[in-house]
Amino acid sequence: MDKSIALVSGANKGIGREIARQLAAEGHTVYVGSRDAANGERAVAEIGGDARPLLLDVTDARSVAAAASHVAALDILVNNAGISGDGKPAGEEDLTEYRRIYETNVFGVVAVTDAFLPALRRSAHPRIVNVSSGTASLAASGGHATGSYLASRSRPASGAFAAYRSSKAALNALTVLYANALAADGFKVNVLAPGLRRTDLNAGAAANGGDPAEAAAGAVRLALLPDDGPTGQFVSWDGTPVPW
Ligand code: NAP
């Protein structure tokens, strides 16, 4: 594809910053979404290339609208911003925590996607990448999945991180619905399982995660899909299909 204009939400650190860095390194213009202005400016300086700060809190309707008003044309939207919460299992988690996590991981994605759809519709190759989690796989959570993705990863059935994992399962569902709704307009809408990565997301990620850059490469691959590429797919960072 030609040089594109991209927006990555939650790009001031972690996997999002790596996605922005890799897109900028390939010569694309990248809006670095950050809900904190100073953190966004710092990330832009680190990323280099044609990276631009964009103040964006995905849970704040006014922030989303203001960000969208700054971006007239967009080719790539990466919905990366996310929170994992306290990890409690189903039956022990507070409803307020479910709501807090869904506001960011589900409703935030809907708000941002819808706000930027007019700009994406002006693109010849519109792409949306949602950053989900392999822990959202219902097949894996229920212990029913087979296939290469699960053969290479041990993921015992458990009720832990109920709010987070169910929010990402909702995000997976929305990915399919947006992919269907936008297919006739040339959009590719896919969802990524980035694998456990060394970031600030939670203690497990910080202690046991792999290189965020590896996950970012998977997102960049989906962001730059050719016109005959797939849509409505759930794929791992290495391109392996993930069972829903
Ligand atoms: P991270 O280092 O904690 O980064 C999360 C990013 O999201 C930060 O930039 C954070 O901004 C931003 N964010 C949170 N709430 C926001 C809001 N309301 N508005 C705008 N930005 C917001 O975690 P990460 O691991 O890179 O996570 C990136 C994505 O990967 C998430 O969707 C996560 O669920 C997913 N993921 C990560 C792993 C892993 O092992 N790391 C595994 C599976 C999936 P602040 O700095 O302002 O908080």
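Residues numbered from 1 in each chain as written. Predicted model: local features only at pLDDT ≥ 70, side-chain atom pairs only at ≥ 80, totals over all residues. Heavy atoms only, no water.

### Concerning the site of the ligand
And then number 1: Around the ligand sit 28 residues, and of these R35, N80, Y164, R197 and T199 come closest.
And then number 2: Backbone polar atom of I15 to an oxygen atom of the ligand: 2.8 Å apart, as the coordinates give it.
And then number 3: Taking 900 Å² as the accessible area of the ligand by itself, protein coverage stands at 93%.
And then number 4: Going through the elements one at a time, α1 (14–25) and α7 (162–182) are the ones with two or more residues in the shell around the ligand. (Near = heavy atom within 4 Å. Polar contact = N/O pair within 3.5 Å; in protein donor to acceptor, adjacent residues only side chain to side chain. Areas by Shrake-Rupley, 256 points an atom, 1.4 Å probe, with all protein chains shown as cover. Helix = DSSP H or I, 4+ residues; strand = E, 2+ residues; numbered from the N terminus.)

### Let's talk about the sheet that holds strand β7 (residues 234–236)
And then number 1: Ordered by their spatial adjacency, seven strands build an open sheet running β3-β2-β1-β4-β5-β6-β7, and the pairing between neighbours is parallel. Each end of this open sheet is capped by a strand with a single partner; those strands are β3 (51–55) and β7. Pairwise comparison of adjacent strand axes, ignoring direction, gives a mean angle of 25 degrees for this sheet.
And then number 2: With four bridges joining them, strand β4 (residues 76–79) and strand β5 (residues 127–131) adopt parallel strand pairing. When the sheet's bridge partners are listed, I76 is paired in β5 with R127.
And then number 3: Where α7 meets the sheet, it contacts β5, β6 (188–193) and β7, and its direction lies at approximately 160 degrees from that of β6. (Pairing = 2+ DSSP bridges. Axes fitted to C-alpha atoms, helices over the stretch in contact; angles between N-to-C directions. Contact = heavy atoms within 4.5 Å.)

### Some points on the pairing of β6
And then number 1: Burial analysis of β6 places six of its six residues in the buried class, which makes it a mostly covered element.
And then number 2: Here β6 shows no split at all, with K188, N190 and L192 on one side and V189, V191 and A193 on the other all buried.
And then number 3: Sheet topology note: the β5/β6 ladder contains five bridges and is parallel. Along β6, the bridge assignment pairs R127 with K188. (Buried < 20%, exposed > 50% of the residue type's maximum accessible area, 1.4 Å probe, protein only.)

### Things to note about the pairing of strand β2 (residues 29–34)
And then number 1: Burial analysis of β2 places six of its six residues in the buried class, the great majority of the element.
And then number 2: Going residue by residue along β2, you find T29, Y31 and G33 tucked away on one face and V30, V32 and S34 tucked away on the opposite face as well.
And then number 3: Alignment of strand β1 (residues 5–8) against β2, held across four bridges, turns out to be parallel. Within β2, the position partnered with A6 by the bridge is V30.
And then number 4: For the crossover that starts at β1, traverses α1 and ends in the parallel β2, the hand is right-handed.
And then number 5: In the sheet, β2 pairs with β3 via five bridges, with the strands oriented parallel. (Right-handed = clockwise from strand over helix to strand, strands pointing away.)

### What to know about the pattern of salt bridges
And then number 1: Across all of its chains, the model carries eight salt bridges by this definition.
And then number 2: A salt bridge links R197 to E214; the shortest N-O distance between them is 2.7 Å. Of the two residues, R197 sits in the loop between β6 and α8 (203–208) while E214 sits in helix α9 (residues 212–223), which places them 17 residues apart along the sequence.
And then number 3: Look at E214 and you get partly exposed, because its relative accessible area is 38%. (Salt bridge = Lys/Arg side-chain N within 4 Å of Asp/Glu carboxyl O.)

### Here we look at the packing of helix α4 (residues 95–121) against α7
And then number 1: The interhelical angle for the contact between α4 and α7, taken along N-to-C directions, is 20 degrees, at an axis separation of 8 Å. Taken together, the axis directions place α4 and α7 in an arrangement best described as roughly parallel. Of the two possible hands of crossing, α4 and α7 adopt the one that is right-handed. Between α4 and α7, the contacting residues are E97, Y98, I101, Y102, N105, V106, V109, V110, T113, D114, L117 and R121 on the first element and A162, A163, Y164, S166, S167, K168, A170, L171, L174, Y178 and L182 on the second.
And then number 2: Classifying every residue of the contact of α4 with α7 gives 15 nonpolar, four polar and four charged. (Parallel < 35°, antiparallel > 145°, perpendicular 65-115°, else oblique. Left-handed = near helix turned anticlockwise from the far one by under 90°. Nonpolar A, V, L, I, M, F, W, Y, C, P; charged D, E, K, R; others polar.)

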